[in-house]
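Survey of secondary and tertiary structure
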Amino acid sequence: MNENNILGVVLAGGKSKRFGEDKSEVKLGDKTLLEHTLDKIKSKFNTIIIVSNNKIVKDYITIKDCIEGQLGPLVGALSAMKWIKKNNYSHNWVVTFPCDTPFFNISIIDKFIEASKLNDSLLYFVKSDEKRHNIFGLWSLKLIKTLEKDIIENNHRKVEKWANKIGVKTINIPYDNIDPFFNINTKEDLAEAEKILIKYKND
């Protein structure tokens, strides 16, 4: 399903301090973590961009954070919004995905599309097992001025706090076996993900 008014965005601009190297380029199985995400979402969006301060990805539009300093996912989301405005694209929404969570179910995208049509909030995050996953988000472009002001003037950095401030709805994603939101922050996480990958492929 392709939705012209939704831009797919992969956030890969972090410093990966705990991992010790750019984890988006690290291999899990026969793909990099970034490739795992891109391969899942590429059939769902007419346009996909990658927000990264470190790389250019072949066959994809890659942009840098609009504010220097690698200030986190809020700046990544803002960068995507500003890119839409600068290039006169017609998207009204941005869907963000992390580059370090390779096991998510693409049914999330259909739920985001449904939410964009319902349009009863300007911001939606995914929730599972009572935990909110703030990088899997659907962001209305109507948030762009508020977001930019809060980052620049009010020094907001944490997605969690900012979302609570402006108001956010959650989309519940139940699961039975493998946690689809297992994210890789350390080398130990990567080793665990290798084990999960075997189960994931056989599930």
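Up top you'll find the structure we're talking about.
Residues numbered from 1 in each chain as written. Predicted model: local features only at pLDDT ≥ 70, side-chain atom pairs only at ≥ 80, totals over all residues. Heavy atoms only, no water.

**Looking at helix H1 (residues 33-41)**
Filter applied, for reference: Each residue is assigned to one of three classes by its accessible area relative to the maximum for its type, calculated with a 1.4 Å probe on protein chains only: buried under 20%, partly exposed between the two thresholds, exposed over 50%. A run of H or I in DSSP counts as a helix once it spans at least four residues, and a run of E counts as a strand once it spans at least two, with each numbered from the N terminus.
In terms of burial, H1 is largely enclosed, as 7 of its 9 residues are buried. Burial in H1 covers these residues: Leu33, Leu34, His36, Thr37, Leu38, Lys40 and Ile41.

**Thoughts on the side chain of Thr186**
Going by this rule: Polar contacts, as used here, are pairs of N or O atoms within 3.5 Å; protein pairs need one atom able to donate a hydrogen and one able to accept it. Residues neighboring in sequence count only if both atoms are side-chain atoms.
Looking at the element boundaries, Thr186 is found in the loop between strand S9 (169-172) and helix H6 (187-202). With a relative accessible area of 19%, Thr186 lands in the buried category. At 3.1 Å, the side chain of Thr186 and the backbone nitrogen of Asp189 are in polar contact.

**Looking at unusual backbone geometry**
For Glu130, which is not glycine, the phi dihedral falls at a positive 65 degrees. For Glu130, the position within the fold is in the loop between strand S7 (123-128) and strand S8 (131-140). Residue class for Glu130 comes out exposed when judged on its relative accessible area of 68%. One non-glycine residue with positive phi stands out, namely Asn155, at about 60 degrees. Looking at the secondary structure, you find Asn155 in the loop between helix H4 (144-152) and helix H5 (159-166). Residue classification places Asn155 among the exposed positions, given a relative accessible area of 52%.

**With respect to the environment of Ile63**
The test is simple: The criterion used for residue contact is that any of the two residues' heavy atoms lie within 4.5 Å.
You can see Ile63 is positioned in strand S5 (residues 61-63). Between the alpha carbons of Ile63 and Ile49 there is a distance of 7.2 Å; along the sequence they are 14 residues apart. Discounting residues that sit within four places of it in the chain, Ile63 has contacts with Ile49, Ile50, Val51, Ser52, Ser79, Ala80 and Trp83.

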